[in-house]
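Here is how the chains run, residue by residue.
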Amino acid sequence: MKTYEAIGAIETFGLVFVLEACDAMCKAANVELVGYENVASGYISVIVQGDVSACQSAVEAGITAVEKLGAKVYSSVVIASPHGDLNKMIDRYQLSNLLPIEEGDAG
């Protein structure tokens, strides 16, 4: 089971704002985009992983980017040393599980 030193997440409303948040998060710190979830009615959460300080910097950058566009971040969190059972949730939102398999990639 994969473990993370830390995970960070942001939830906002709308794809454009999430894209801006993801871009800022990945540019601001050495984090990896783990996945996303279209929660409900346009609310989208995005998850990154990395070391604790990188996740903190990434989440702060994502919040700033969304707010500069005039949107609201509804929730955000950085979890240091997440319990291994969180992988059950995180794995569901992995990009590889959410994106369609293109023809020829199915091995």
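Residues numbered from 1 in each chain as written. Predicted model: local features only at pLDDT ≥ 70, side-chain atom pairs only at ≥ 80, totals over all residues. Heavy atoms only, no water.

- The name given to the protein in an unreviewed UniProt entry is BMC domain-containing protein, with Enterococcus plantarum as the source organism.
- Turning to the protein, the UniProt annotation filed under Subcellular location (unreviewed entry) states: "Bacterial microcompartment".
- Note on the protein: under the UniProt heading Sequence similarities (unreviewed entry), the record states "Belongs to the bacterial microcompartments protein family." (UniProt positions renumbered as here; feature names shortened; annotations may be inferred.)

## Description of the environment of Leu-86
At step 1: Among the secondary structure elements, Leu-86 is positioned in the loop between β4 (73-80) and α3 (87-90).
At step 2: On a C-alpha basis, the gap between Leu-86 and Ile-7 in space is 9.9 Å, while along the polypeptide they are 79 residues apart.
At step 3: Setting aside its immediate chain neighbours within four residues, Leu-86 contacts Ile-7 and Ile-79. (Helix = DSSP H or I, 4+ residues; strand = E, 2+ residues; numbered from the N terminus. Contact = heavy atoms within 4.5 Å.)

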